[in-house]
Amino acid sequence: MASDPEELQREIERTRADLAETIDAISERVSPRRVADRGRERIRQIFDDVRSGRVQLHQSRVAAAGGGLAAVSVLLLVMRRRRRRRRRAERKAWLAALKDR
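How each quantity is defined
Think of each chain on its own: its residues are numbered from 1, step by step along the sequence as written. Local features in a predicted model are, by the rule used here, given only for residues with pLDDT of at least 70; side-chain atom pairs are given and counted only at 80 or more, and totals for whole chains, interfaces and linings are based on all residues. Calculation of side-chain values draws on the structure's entire complement of heavy atoms; hydrogens and water are dropped beforehand. Note on conventions: DSSP H or I runs of at least 4 residues are helices, E runs of at least 2 residues are strands, and numbering of each starts at the N terminus. The length a helix should cover is 1.5 Å for every residue beyond the first. A 3.5 Å cut-off defines polar contacts: any pair of N or O atoms within that distance qualifies, except that in protein one atom must be a possible hydrogen donor and the other a possible acceptor, and neighbouring residues in sequence count only when both atoms are side-chain atoms. Whenever a carboxyl oxygen of Asp or Glu lies within 4 Å of a side-chain nitrogen of Lys or Arg, that contact is scored as a salt bridge. Throughout, exposure labels follow a simple rule: accessible area from a 1.4 Å probe, protein chains only, divided by the maximum for the residue type, with under 20% read as buried, over 50% as exposed, and the rest as partly exposed.

Draft legend 1. Looking closely at helix 2 (residues 32–52). Spanning 21 residues, helix 2 covers 30 Å between terminal C-alpha atoms, matching the ideal 30 Å at 1.5 Å per step. Where helix 2 terminates, the next one or two residues include G53, which has phi positive at roughly 90 degrees.

Draft legend 2. Region of the structure containing the environment of S27. Mapped onto the elements, S27 comes out in helix 1 (residues 5–30). Within the structure, the side chain of S27 is placed 3.0 Å from the backbone oxygen of D24, a separation counted as a polar contact.

Draft legend 3. Representation of the pattern of salt bridges in the model. Taken as a whole, this structure holds 4 salt bridges when the rule is applied. Here R10 makes a salt bridge to E7, at a shortest N to O gap of 2.8 Å. On the criterion of helical spacing, the pair formed by R10 and E7 is a turn pair, its members being 3 residues apart in helix 1. Judged by relative accessible area, R10 falls into the partly exposed class, the value being 39%. Ionic pairing is found between R34 and E28, a salt bridge with its closest N-O pair at 2.4 Å.

Worth remembering: the numbers are spatial, not functional.
Written out as structure tokens, the structure is:
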């Protein structure tokens, strides 16, 4: 710890400069544009590796991805059908209530 006021001031200034650099580095790293750029570059690298034959996609991964997509699609269709049926029933009940008046 510095006992001299001038030394203490210099230490404070160094600490501020270090903190400013750290904050700049963090903001650069979490910037949405930078995150998207890194993700895009990672995907390009994977495709380049697969195209060049350095890495092969495992059929099990492709099958799992396809199966997951199919499951989600079926789930969405079932949910949509249920929603339609429920709305039709509500409409019928509403129309019946209007006729009873």
